[in-house]
Amino acid sequence: MKNNIKIYDLDRGMTDFEPKAIALGNFDGIHIGHQKLIKKDLEIARQLNLVPSVLLFKENSKKTLHDEKDYLTSLDDKIEILANMGMDTFCILDFNEEFRSLSPKEFISQILYRKLNTKYIVIGEDYHFGKNAEGDIKTLARFEDEFDYETLIIDFELVNGEKISSGNIKELIKSGNIKKANKYLARPYKIIGHVVDGHKRGRTLNFPTANLKMKFSYTIPKDGVYLTRINVKGKNHFALSNVGSNPTFENDYRKIETYILDFNQDIYGENITIEFLEFFRDDLKFDSVDELINQMEMDKKRAIETINNKYL
């Protein structure tokens, strides 16, 4: 990620009066539709000598509005992805009651105009804002002259007639269709957390695993075994990750545990990133520990073959 980014917390009274081209939206996942919008914002900023920027909520608005429980990206994830795309300036704020009470015109005048000196707005065609989501693309067009900005509407591309959305990608992940989800994200789906103590059964099976405690309410993939790539201590390693409740041992809760190939370091307490590359198989219940070990050996063999054929 670039080191020269600027983050302005509007809730702390921070403002930035550099003239901006600003992208608006929830941007959960930063999928290829979002990327199209962001690239256009960057292009306009270069052409008009504006600061490329994005307005982000500290917590996804859908958590408040629709009581959603899981998401594709945290605020930190979004900033990292967007900064790597070339975004310079991030303006963040709470989606709190005070903000939700702003009328569409008040949002434009108080936030976009007075606090951010917005000269160009880039949005998706279904963007809504202001109290009760009453504002839309027509509202933005109506106030352009009064508040001295222009608006550009981006049509999200269809893939095989299907509109790409964060909700659609979440459903793909929950169904185990990681390949298609990654295609729509244009990168492997990843989650971040830290390694915690588990039952340590993997050691007795000669497959020691790292148990992940997530740092955010990420969308958890379907139960099963996945080929993954782990980043720990700044280095990438291929791995096999199991999502599920270990039915052979009759656990009663879901967890994510990872066997890192050719790795024997102590990483308890370390922060790690898991990228999901491919779905291998369902989480199965075996009649014996020996059957489980045999299956794990087959999973490992398949992982090595897949890595050699596709990822090296």
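Just so we're clear, the structure is a prediction, and the values are computed from it rather than from any experiment. (Residues numbered from 1 in each chain as written. Predicted model: local features only at pLDDT ≥ 70, side-chain atom pairs only at ≥ 80, totals over all residues. Heavy atoms only, no water.)

Caption draft 1: Just helix 1 (residues 32-48), in detail. Between its first and last C-alpha, helix 1 extends 24 Å over 17 residues, near the 24 Å set by a 1.5 Å rise per residue. Among all positions of helix 1, only Gly-33, His-34, Gln-35, Leu-37, Ile-38, Asp-41, Leu-42, Ile-44 and Ala-45 are buried. Once helix 1 finishes, Asn-49 follows within two positions and takes phi at roughly 60 degrees, a positive value. (Helix = DSSP H or I, 4+ residues; strand = E, 2+ residues; numbered from the N terminus. Expected span 1.5 Å × (residues − 1). Buried < 20%, exposed > 50% of the residue type's maximum accessible area, 1.4 Å probe, protein only.)

Caption draft 2: Inspection of the side chain of Asp-9 at higher detail. Looking at the secondary structure, you find Asp-9 in strand 1 (residues 6-9). Reaching out from Asp-9, the side chain makes a polar contact with the side chain of Lys-58 at a distance of 3.0 Å. Beyond its immediate stretch of four places on either side in the chain, Asp-9 contacts Met-14, Lys-58 and Ile-92. (Polar contact = N/O pair within 3.5 Å; in protein donor to acceptor, adjacent residues only side chain to side chain. Contact = heavy atoms within 4.5 Å.)

Caption draft 3: Examining unusual backbone geometry more closely. Of note in the backbone geometry, Asn-132 takes a positive phi value of approximately 55 degrees without being a glycine. Inspection of the secondary structure puts Asn-132 in the loop between strand 5 (118-124) and helix 6 (137-142). Of the residues examined, Asn-132 reaches a relative accessible area of 62% and is grouped as exposed. One non-glycine residue, Asp-262, lies in the positive phi region at around 50 degrees. Relative to the helices and strands, Asp-262 is located in the loop between strand 13 (255-260) and strand 14 (271-281). Given a relative accessible area of 76%, Asp-262 falls into the exposed group.

Caption draft 4: Quick look at the side chain of His-34. Tracing the chain through its elements places His-34 in helix 1. Only 3.5 Å separates the side chain of His-34 from the backbone nitrogen of Ile-30, close enough to count as a polar contact. Among all residues touching His-34, those that are not within four sequence positions of it are Phe-27, Asp-28, Phe-156 and Ser-166.

What is shown is where atoms sit, not what they do.
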